[in-house]
Amino acid sequence: MALELWMTNDVGQVRGRVAQGFCPVECSVGGQSVVDGLMMDHHGELSGLESVAIRALRDHAGARSEDPRFVGVGQADADMTFAVAALSGILPDDPRVGPLAELIALVDTEPIGVDIASSEVGGILMVWNTLSGSPRDTASATAAVYLWRTLLCLPAQTLALFEAVARQRLQARQEAAREALEAHGRSLGLVLAIERSPVWGFDVWYGRRQQGAFGSVEGWEHPVVVALSQEPGRITVGCPNAAVARELFGPDGLRHVFEALEPKGWGGREAIGGSPRGVDVGADALYKAAECLERFILR
Ligand SMILES: [Mn+2]
C-alpha cells in the first residue's frame, strides 16, 4: 500500500479512517484524542506522553511499514510527519535521525527558547520547516513526510546550500521582529503590547535573559506578550512557556484570564491564546487586553 497522510479537521472522518485501518497521529480535536494501540498523540488527556516523533522512532520504528496509511488533524507539523516517516520505516539508517527526533520533540513541546540554528541537526529541521509549509492537505502532508527522507539523503554540500537560505530567512524574520518591537512595542509593567509587526516574532519579543531560569519570570525581558495582527485584527497572547504562565497567573496560566478579556470568546492553552476567531479587533482592544492581563498577575 502507498504511504498516505490523510488530513482532516473532522473527528467523525478521523474515526471513519481509523475504522478502515488508518493509524491516527496527533488526532486531537476539541480536547478529545483519537488513538490506536500505538498511542500517537500527546495532547489533552495524553499530555503526559512524550512527543510522537520521539516515541515513533524509539518504540515503533517501521511498525506500519506494511500498511503506511495515516490520518492527521490540523496542520502536518514536524512532529507529526517525522512520526509518520518513522512508523513507515522510510527514514534512512543515519546517525542524525535520533538527534533529529530529540530536537523535533523539544521544539514541539517548548517552541520558545530552543536555539535550533546552533543544534547540529538544526539545519535539517529549518530546511524542512521552510520547504514543507506545515500543510493542511493530504497531498502536501504526504510529500512533507517524504521530505524527511529526501533531506537526510541529500549530499552534504547540497543540504548546506538549503541550510544557508533557511538561516537567512530566520535572521531576516528576527530582525524585522526586533524593528517592530522598537517601533510599535509598548510595555505595561510585565506585559508587552506589539501594535503591529510584519512578521511573527514572539521568540524575539519575550527576550531570554542571561540570568534567571527558562521556567521563571526572571528569565525573560517580557514574560507576557500581546500582539495585534492586521486584516482581520486578531490578538495573540503568549508566555514563553507554561511554567512562566503559571507563576504569573496561577495553576491555569493564561486560561485563568481568558474569561475576563474583551471581546468575549478568548481561548487557548496555559501559555498561548487569542481573541475570538472571526471578530475583527483594533489597537484599543489590544491595550485593554494588556491592562487586564497586567491586573491578573499574582504579586
Ligand atoms: Mn506534537
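Each value, and the rule that gives it
- Here the residue numbers are simple positions, counted from 1 along each chain's written sequence.
- Selection of residues for local features in this predicted model requires a pLDDT of at least 70, selection of side-chain atom pairs for listing and counting requires 80 or more, and totals for whole chains, interfaces and linings are taken over all residues.
- To obtain the side-chain values, all non-hydrogen atoms of the structure were included, while hydrogens and water were left out.
- The donor set covers N, O and S atoms within 2.8 Å of the metal, switching to 3.2 Å for Na, K and Ca, and it leaves out water, so a site may look short of donors.
- Only protein chains enter the accessibility calculation, which uses a 1.4 Å probe; a residue whose area is less than 20% of its type maximum is buried, one above 50% is exposed, and one in between is partly exposed.
- Definition used for salt bridges: Asp or Glu carboxyl oxygen within 4 Å of a side-chain nitrogen of Lys or Arg.
- By the criteria applied, helices consist of DSSP H or I runs no shorter than four residues and strands consist of E runs no shorter than two, each listed in order from the N terminus.
- At least two DSSP bridges between two strands are required for those strands to pair.

### Some points on the coordination of the manganese ion
Donor atoms from the polypeptide that bind the manganese ion are E26 (OE), H42 (NE2), D79 (OD) and D108 (OD), placed at 2.0 to 2.2 Å. Taking the relative accessible area as the measure of exposure, E26 reaches 7% and is therefore buried.

### A short note on the pattern of salt bridges
When their charged atoms lie close together, side chains carrying opposite charge are able to pair. What the rule picks out here adds up to eleven salt bridges. For D59, the salt bridge goes to R58, with nearest N and O atoms at 2.8 Å. A salt bridge links K264 to E262, with the nearest nitrogen and oxygen atoms 4.0 Å apart. Overall, the relative accessible area of 53% leaves K264 in the exposed class. For E262, a relative accessible area of 47% puts it in the partly exposed group. One continuous salt-bridge network, built from bridges that share partners, spans E50, R58 and D59.

### Considerations on the pairing of strand β5 (residues 69-73)
Within β5, five of the five residues are buried, which leaves the element mostly enclosed by the surrounding structure. Burial of β5 is two-sided: the residues R69, V71 and V73 facing one way and the residues F70 and G72 facing the other way are all buried. As judged from the five bridges shared by strand β1 (residues 4-8) and β5, these two strands associate in the parallel manner. Looking at the pairing, L5 lines up with F70 of β5. Alignment of strand β2 (residues 23-24) against β5, held across two bridges, turns out to be parallel. Considered in β5, the bridge of C23 is made with F70.

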